[in-house]
Amino acid sequence: MSKLVTIFGGSGFVGRYIARRMAKEGWRVRVAVRNVNEAMFVRPYGVVGQVEPVFCNIRDDASVAAVMDGADAVVNCVGVLDEVGKNTFDAVQAEGAERIARIAASMAVPRMVHISAIGADPDAASEYARTKAAGEAGVLQHMPDAVILRPSIIFGPEDQFFNRFAGMTRLGPVLPVVGADTRFQPVYVDDVAAAAAKAVQGHAEAGVYELGGPDVMTFRALMQLMLQIVRRKRLILNMPFWIARIMAAVFGVVRALSLGIVKGPVTKDQVLNLAVDNVVADDAKGLDALGISPTAMEAVLPDYLWRFRPSGQYDAIKESAKNLKA
């Protein structure tokens, strides 16, 4: 019988790519999610019955243990960019990660891969970064041979970065950003999935890997690249951090009073995160240590950002038509 991998958050942005790769490698894939009905799209990644979404609440020991039964490997892709209800940074990224590793160790699961993030630091100003570090520590406490992957900003068709800002270009002539000079090293989602798949199959040494693409660019430069691809001209307005903090605080109050119905464009914790460069450290193991060549943004972004162009899929045709002679 083929081996089984349980992927927590396997229907999410990164998880679905890992699930697809593991199915192609012939593994049975158990996709552990909160909402099974919204994860049914993963089933065609393999033959009938090969990829199955199952319910799991990572805040509950019994639920985590049930979906890990019989697994040869486990991958944790669960994380949050914003706290909602009981899914706080600590509950998901620290306690949840530790719970998965603790139960995996108790059930003698041979391998674990944990998706963290560049910037994970117990002394960080951002709670997001601190809980990412706590999650890593919890994983290594119980699964010392685990592989931890720390990606920079991840791009791909379903991303919440380029898609979000490209969508904002439709709203007006100004594109506001916080931390325009902060540096990022965007990495393609399927490169992250390839790294995870290698680790699941035992083709990666235990330890921490920082994953970044071939280009290091400021937030402003990334927005300029995006604007070129969507063929729009917008003024990139850098919002000072002190103004962003005030705005985040105001929206935080509004959100609390509206019981979460009204959400602001940025949270206080996100502002703190945007003040720190998000690039691979000089001495870190990266994609090259895994034998993976990073994919350039220019090779992928046009494939899914075309829909934000003024004329969408017809934009290129209209440009060609202008060159036709009467």
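In case you missed it, the structure is sitting above this.
Now for a quick tour of the structure. Since the structure is predicted, the reported quantities are computational estimates derived from the model, not experimental observations.

1. As for the overall build of the protein
- Helix and strand counts for the protein come out as eleven helices and 13 strands.
- Here the C-alpha atoms of the protein give a radius of gyration of 21 Å, agreeing with the 20 Å that 2.2 N^0.38 yields for 326 residues.
- For the C-alpha atoms alone, the extent of the protein along its principal axes is close to 70 × 50 × 40 Å.
- Counting only residues that meet the buried cut, the protein has 49% of its 326 residues in that class.

2. Side note on the packing of aromatic side chains
- Under the definition given, this model contains ten aromatic pairs.
- With a centroid separation of 6.5 Å and an interplanar angle of 90°, the aromatic rings of Phe13 and Tyr17 are classed as edge-to-face.
- Aromatic pair Phe89 and Tyr128: ring centres 6.0 Å apart, planes at 80°, arrangement edge-to-face. Of this pair, Phe89 sits in helix α3 (residues 89–106) while Tyr128 sits in helix α4 (residues 127–142), and the two are 39 residues apart along the sequence.
- Residue classification places Phe89 among the buried residues on the basis of a relative accessible area of 4%.

3. A closer look at the pattern of salt bridges
- By the definition in use, this model includes nine salt bridges.
- Close ionic contact of Asp61 with Arg102 constitutes a salt bridge, the shortest N to O distance being 3.0 Å. On the criterion of sequence distance, the pair formed by Asp61 in helix α2 (residues 61–68) and Arg102 in helix α3 is long-range, its members being 41 residues apart.
- When its relative accessible area of 28% is taken as the criterion, Arg102 is described as partly exposed.
- Here the salt bridges do not stand alone but share partners, grouping Asp61, Glu98, Arg99 and Arg102 into one network.

4. Looking at the nonpolar core
- Ile18, Phe162, Met223, Met226 and Leu305 are the most contacted members of the largest nonpolar core, which totals 74 residues.
- Other than its neighbours up to four places away in sequence, Met226 contacts Phe162, Phe165, Ala166, Thr169, Leu175 and Leu305.
- Residues Leu4, Val80, Ile100 and Ile103 belong to the second largest nonpolar core, which totals 26 residues.

5. Comments concerning a nonpolar patch on the surface
- A surface patch of nonpolar side chains, amounting to about 650 Å² of accessible area, comprises Trp242, Ile243, Ile246, Val250, Val254, Ile261 and Val262.
- In this fold, Ile246 is placed in helix α8 (residues 241–257).
- The class of Ile246 is partly exposed, set by a relative accessible area of 48%.

6. Focus: the sheet that holds strand β6 (residues 147–151)
- Here seven strands make up an open sheet; going across it, the order is β3-β2-β1-β4-β5-β6-β11 and the pairing parallel. One side of each edge strand has no neighbouring strand; the edge strands of this open sheet are β3 (51–55) and β11 (207–211). Between one strand axis and the next, the sheet turns by 20° as a mean value, whatever way the strands run.
- Note: strand β2 (residues 28–33) against β3, five bridges, orientation parallel. The residue of β3 that forms the bridge with Arg30 is Glu52.

7. Notes on the environment of Pro157
- The residue Pro157 is located in the loop between β7 (154–155) and α5 (162–168) in this model.
- Residue classification places Pro157 among the partly exposed positions, given a relative accessible area of 36%.
- With 54 residues separating them along the chain, Pro157 and Ile103 place their C-alpha atoms 33 Å apart.
- Filtering out sequence-adjacent residues up to four positions away, Pro157 remains in contact with Tyr17, Asn163 and Tyr304.

8. Brief notes about the layout of surface pockets
- There is about 320 Å³ of room inside the second largest pocket.
- Asp82, Arg255, Thr267, Lys268 and Asp269 are, among the 15 residues lining the second largest pocket, the residues nearest its centre.
- Every element with two or more residues in the lining of the second largest pocket is listed here: α8 and α9 (268–274).
- Among the residues forming the lining of the second largest pocket, the class breakdown is five nonpolar, three polar and seven charged.

9. Overview of the side chain of Ser116
- Summarising the element assignment, Ser116 is placed in the loop between β5 (111–115) and α4.
- Residue class for Ser116 comes out buried when judged on its relative accessible area of 4%.
- Polar side-chain contacts of Ser116 include one of 2.6 Å to the side chain of Glu136.
- Aside from chain neighbours lying at most four places away, what touches Ser116 is Lys132, Glu136, Ile148, Leu149, Arg150 and Pro151.

What counts, and where the lines are drawn
As a convention, each chain's residues are numbered from 1 in the sequence order in which they are written. It should be noted that, the model being predicted, local features are given only for residues of pLDDT at least 70 and side-chain atom pairs only at 80 or more, the latter also being counted only at that level, while totals for whole chains, interfaces and linings use all residues. Side-chain numbers come from the whole structure's heavy atoms, not from hydrogens or water. Secondary structure elements follow DSSP: runs of H or I no shorter than four residues count as helices, runs of E no shorter than two count as strands, and numbering proceeds from the N terminus. The size measure is the radius of gyration over C-alpha atoms, and the globule rule it meets is 2.2 Å times the number of residues to the 0.38 power. Partly exposed residues are those whose accessible area sits between 20% and 50% of the maximum for their type, while under 20% is buried and over 50% is exposed, using a 1.4 Å probe and protein chains only. Geometry of aromatic contacts follows a simple scheme: Phe, Tyr and Trp rings, the Trp one being its six-membered ring, pair when their centres are within 6.5 Å, and the pair is stacked under 30 degrees between planes, edge-to-face over 60, tilted otherwise. One side-chain nitrogen of Lys or Arg within 4 Å of one carboxyl oxygen of Asp or Glu is enough to make a salt bridge. Definition of nonpolar core: a set of buried residues of the types Ala, Val, Leu, Ile, Met, Phe, Trp, Tyr and Cys, connected through side-chain atoms within 4.5 Å. By definition, residues are in contact when any of their heavy atoms lie within 4.5 Å. Patch membership requires more than 30% relative accessible area and the absence of a salt bridge. Residues of like charge join within 9 Å; the nonpolar side chains Val, Leu, Ile, Met, Phe, Trp and Tyr join within 5 Å. Reported accessibility uses the Shrake-Rupley method at a 1.4 Å probe radius. Residues are deemed covered only where the shown protein chains occlude them. Strands qualify as paired when DSSP identifies two bridges or more between them. Every axis in this analysis is a line fitted to C-alpha atoms, fitted for helices over the stretch in contact. Angles between the N-to-C directions lie between 0 and 180 degrees. Only protein atoms enter the 1 Å grid, on which a cavity is a set of points fitting a 1.4 Å probe that cannot get out and a pocket is an open set with protein on both sides within 12 Å along at least 5 of 7 lines, lining residues being those with an atom within 4 Å of a point. Grid points are joined across faces, edges and corners, and a volume is the space filled by probe spheres set on the points. Three classes are used: nonpolar for Ala, Val, Leu, Ile, Met, Phe, Trp, Tyr, Cys and Pro, charged for Asp, Glu, Lys and Arg, and polar for all others, with Gly counted as polar. Contacts described as polar in this section are N or O atom pairs within 3.5 Å, which, within protein, must combine one atom able to donate a hydrogen with one able to accept it, while residues neighboring in sequence count only if both atoms come from side chains.

Distances and angles like these do not, on their own, reveal function.
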